[in-house]
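# Residue-level structural notes
Residue-level listing of the chains:
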Amino acid sequence: MLVGALASGVTTHVPNYLMSVGWTTQGTGYILSVYSIVVLVATIIAGFMMDRWGIQKTVLTMSVLIVLGMICLYLSEFNMNFAWGYCVFFGLTMSLPRMLPSLLTSTVFGTKDYAGIYAFLNLFFLIGAAVGSVLTSILQGILGYGITWMIYAGFAILLFCCVTVALSNGNKLRTVYPDGELA
C-alpha cells in the first residue's frame, strides 16, 4: 500500500504545488519532463540494483532517495531550485511501483501459486494508489504541503521497515515450505 500511496499521493499533487510556490505552467512542464526522463533511466538502474544488491538494500537506497526528494520538495517552497532535486531523487525511486510488488511477492511466497498470490497482493498496491492522492488532498488541506511532504518521507521509512519484516518472514516461510506450498 505504501508504494502505491507514495507514487500517486506525491506525483498527482506536484504540479499544483510547484505552481503554488511560483513555478509557471511552462516551468512546471519542464520539471515534470525531466522527472519523466529520470524515471525511465531509473527503471533500468533499479533492475541492476535489485540483481546486485538484493531487495532490502535497494529499498533502503530508494527510501533514502524518497526522503531526500521530499525534503527537496519541501525546501522548494523557500528556493524553487530545490524542485530539480525532487526530480532526480524522487524520480530515481519511481521504479519501485513497477518492480517491488512482483519481486517481493515471489521472494516472500515463492513461485508456487504466484499468479493468485500476486493478484491478491496487488490489490493492496492499487488501494494505496487510490488512497494516496486523496490522502494528500486531505493532509494538504489541513496541514499544508510542507508537512504533507514530511509525512510522505515518513512513509518511505515505514516502507523500508515493512519490506525488512516481509523479507524476514519470507525467509522463515521458505525454511518451512521450501517449495512454496503454504497449505
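Everything below is about the structure shown above.
Residues numbered from 1 in each chain as written. Predicted model: local features only at pLDDT ≥ 70, side-chain atom pairs only at ≥ 80, totals over all residues. Heavy atoms only, no water.

### Overview of the nonpolar core
Core analysis: the biggest nonpolar cluster contains 45 residues, and Val10, Met70, Tyr86, Leu100 and Leu159 have the highest contact counts within it. Elements with a minimum of two residues in this core: α1 (2-11), α2 (14-20), α3 (25-53), α4 (55-75), α5 (82-93), α6 (96-109) and α8 (145-176). In this structure Tyr86 touches Val10, Thr11, Val14, Tyr35, Gly69, Met70, Cys72, Leu73 and Gly91, once residues within four positions along its chain are discounted. (Core = buried A, V, L, I, M, F, W, Y, C linked by side-chain atoms within 4.5 Å. Buried < 20%, exposed > 50% of the residue type's maximum accessible area, 1.4 Å probe, protein only. Helix = DSSP H or I, 4+ residues; strand = E, 2+ residues; numbered from the N terminus. Contact = heavy atoms within 4.5 Å.)

### Re a nonpolar patch on the surface
There is a patch of nonpolar side chains on the surface, built from Met1, Phe120, Leu123, Phe124, Leu126, Ile127 and Val131 and spanning about 640 Å² of accessible area. Following the sequence through the fold, Ile127 ends up in helix α7 (residues 114-143). On the basis of relative accessibility, which here comes to 39%, the residue Ile127 falls in the partly exposed class. (Patch = residues over 30% accessible without salt bridge, like charges linked within 9 Å, V, L, I, M, F, W, Y side chains within 5 Å. Areas by Shrake-Rupley, 256 points an atom, 1.4 Å probe, with all protein chains shown as cover. Salt bridge = Lys/Arg side-chain N within 4 Å of Asp/Glu carboxyl O.)

### Here's the deal with the packing of aromatic side chains
Under the counting rule described, the total for this entry stands at 10 aromatic pairs. Centre to centre, the rings of Tyr74 and Phe78 are 5.6 Å apart; their planes meet at 70°, and the pair counts as edge-to-face. Phe78 sits in the exposed class, given a relative accessible area of 59%. Centre to centre, the rings of Tyr145 and Trp149 are 5.3 Å apart; their planes meet at 15°, and the pair counts as stacked. Residue Tyr145 and its partner Trp149 are both found in helix α8; the two are separated by 4 residues, about one turn of the helix. Site record: aromatic cluster; members linked through ring pairs are Tyr17, Tyr145 and Trp149. (Phe/Tyr/Trp six-rings, centres within 6.5 Å; stacked < 30°, edge-to-face > 60°.)

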